[in-house]
Amino acid sequence: MSLDLLELLPDDWRARLDPLLDPLATATLGTFVAGEYDTRTVFPPREDLFNAFRHCSYDAARVLILGQDPYHGAGQAHGLSFSVREGVRKPPSLRNIFKELEADLGVPASSSGDLTPWADQGVLLLNAVLTVREGEAGAHAGKGWEEFTDAAIEALNAKDSRVVFVLWGAYARKKARLITAPHHLVIESAHPSPLSAKKFFGTRPFSAVNKALTDVGLAEIDWSLPT
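Analysis parameters
Residues numbered from 1 in each chain as written. Predicted model: local features only at pLDDT ≥ 70, side-chain atom pairs only at ≥ 80, totals over all residues. Heavy atoms only, no water. UniProt positions renumbered as here; feature names shortened; annotations may be inferred. Pairing = 2+ DSSP bridges. Helix = DSSP H or I, 4+ residues; strand = E, 2+ residues; numbered from the N terminus. Axes fitted to C-alpha atoms, helices over the stretch in contact; angles between N-to-C directions. Contact = heavy atoms within 4.5 Å. Phe/Tyr/Trp six-rings, centres within 6.5 Å; stacked < 30°, edge-to-face > 60°. Buried < 20%, exposed > 50% of the residue type's maximum accessible area, 1.4 Å probe, protein only. Parallel < 35°, antiparallel > 145°, perpendicular 65-115°, else oblique. Polar contact = N/O pair within 3.5 Å; in protein donor to acceptor, adjacent residues only side chain to side chain. Salt bridge = Lys/Arg side-chain N within 4 Å of Asp/Glu carboxyl O.

An unreviewed UniProt entry lists the protein chain under the name Uracil-DNA glycosylase, with Actinomadura alba as the source organism. Quoted verbatim from the Subcellular location (unreviewed entry) heading of the UniProt record, the comment on the protein chain is "Cytoplasm". Recorded under Sequence similarities (unreviewed entry), the UniProt text for the protein chain is reproduced unchanged: "Belongs to the uracil-DNA glycosylase (UDG) superfamily. UNG family."

Draft legend 1. Main features of the sheet that holds strand S6 (residues 185-189). Spatially, 4 strands are ordered S3-S2-S5-S6 in an open sheet, and the strand pairing comes out parallel. With partners counted over all chains shown, the strands left at the sheet margins are strand S3 (123-127) and S6, one partner each. Put simply, the sheet's adjacent strands are angled 20° from each other on average, direction ignored. Across 4 bridges, the pairing between strand S2 (residues 63-67) and strand S5 (residues 164-168) is parallel. Along S5, the bridge assignment pairs Leu64 with Phe165. Of the strands in this sheet, S2, S3 and S5 touch helix H7 (residues 145-157), which is tilted by about 155° from S3.

Draft legend 2. View of the packing of aromatic side chains. Evaluated as defined, the whole model comprises 13 aromatic pairs. When the ring of Phe50 is compared with that of Phe148, the centres are 5.7 Å apart and the planes differ by 5°; the resulting orientation is stacked. Here Phe148 lies in helix H7 and Phe50 lies in the loop between strand S1 (42-43) and helix H4 (51-55), a separation of 98 residues in the sequence. Residue Phe50 shares its accessibility class with Phe148, and that shared class is buried. Geometrically, the ring pair formed by Trp168 and Phe200 is edge-to-face, given 5.2 Å between the ring centres and 85° between the ring planes. One end of the pair, Trp168, is in strand S5; the other, Phe200, is in helix H9 (residues 197-200), with 32 residues separating them in the sequence. Residues Trp168 and Phe200 agree in their burial class; the two are buried.

Draft legend 3. Looking closely at the packing of helix H5 (residues 92-105) against helix H10 (residues 205-214). Contact geometry for H5 and H10: axes closest at 7 Å, N-to-C directions at 60°. It follows from the interaxial angle that H5 and H10 lie oblique. Of the residues in H10, those touching H5 at Ile97, Glu100, Leu101, Asp104 and Leu105 are Pro205, Phe206, Ser207 and Asn210.

Draft legend 4. Spotlight on the UniProt feature "active site" (unreviewed entry) in the protein chain. UniProt annotation of "active site" (unreviewed entry) refers to Asp69 when read in the numbering used here. Note that Asp69 resides in the loop between S2 and H5. Ignoring any residue separated from it by four or fewer positions in sequence, one finds Asp69 in contact with Asn127, Val129, Val132, Ala137, Gly138 and Ala139. Side-chain polar atoms of Asp69 contact the backbone nitrogen of Gly138, separated by 2.6 Å.

Draft legend 5. Focus on the UniProt feature "domain: Uracil-DNA glycosylase-like" (unreviewed entry) in the protein chain. The positions that UniProt labels "domain: Uracil-DNA glycosylase-like" (unreviewed entry) are, in the present scheme, residues 54-213. Its end C-alpha atoms 22 Å apart, residues 54-213 is made of 32% helix and 14% strand.

Draft legend 6. Region of the structure containing unusual backbone geometry. For the bond running from Phe43 to Pro44, omega is -5°, close enough to zero to count as cis. Along the chain, Pro44 turns up in the loop between S1 and H4. Positive phi, normally seen in glycine, also occurs at Phe82, with a value near 70°. Structurally, Phe82 is set in the loop between S2 and H5.

Draft legend 7. Structural detail: the pattern of salt bridges. Under the counting rule described, the total for this entry stands at 10 salt bridges. One salt bridge connects Glu36 with Arg133, and the closest N-O pair in it is separated by 2.6 Å. One end of the pair, Glu36, is in helix H3 (residues 23-39); the other, Arg133, is in strand S4 (residues 132-133), with 97 residues separating them in the sequence. Judged by its relative accessible area of 7%, Glu36 is buried. The exposure class assigned to Arg133 is buried, which follows from its relative accessible area of 17%. In this structure, the salt-bridge partner of Glu188 is Arg173, at a minimum N-O distance of 2.9 Å. Pair noted here: Glu188 is in strand S6 and Arg173 is in helix H8 (residues 169-173), with a separation of 15 residues, a long-range link. Under the relative-accessibility criterion, Arg173 is labelled partly exposed at 37%. Through salt bridges with shared partners, one network takes in Glu36, Arg133 and Glu136.

Right, here's the structure in full:
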């Protein structure tokens, strides 16, 4: 059994990614992912796999925040990088993101870690690897997701309007090579993980994103979340 990954994508994203992907590699990835869902506990749930693309259409996308792979604890991952569902305890990286948001823009930390309102405004909350086994961080790295999500970055790079690419940590920062159009902006810093948070704090990424958008006549992101 295999998953037809392109068929699961929203139409607008499928049209943009299909020409950039190798059909055999994508089919191989689909077979691997289907087998993992059928035989292992895998996150996010299958129905949430492409939530990032569902909540942020290609035309609406104006910011990318890139994560590495989904949270690997039960009930955490729901297809949006760094986000957890309502009622789920916020992981340390997300708590640090909220601390920096408050220091940067004065936005108080939300009681919820659900970042869906950001996605709905055109923030593509994408992980480089879109699935993970329970309790095994990085278990699905190197299986083909990287090429799939690189294609999404390349598709955003092809947009005529500005996209702000937010790359936190060494892994994400390697993707800067895919962003070549001069009208886009890349914001790089340390990762919000507790291991590197001292270098993340004070980088003010949220105000930088909004300035980069308003500089070219695009609307700001409202980073506030229900408290």
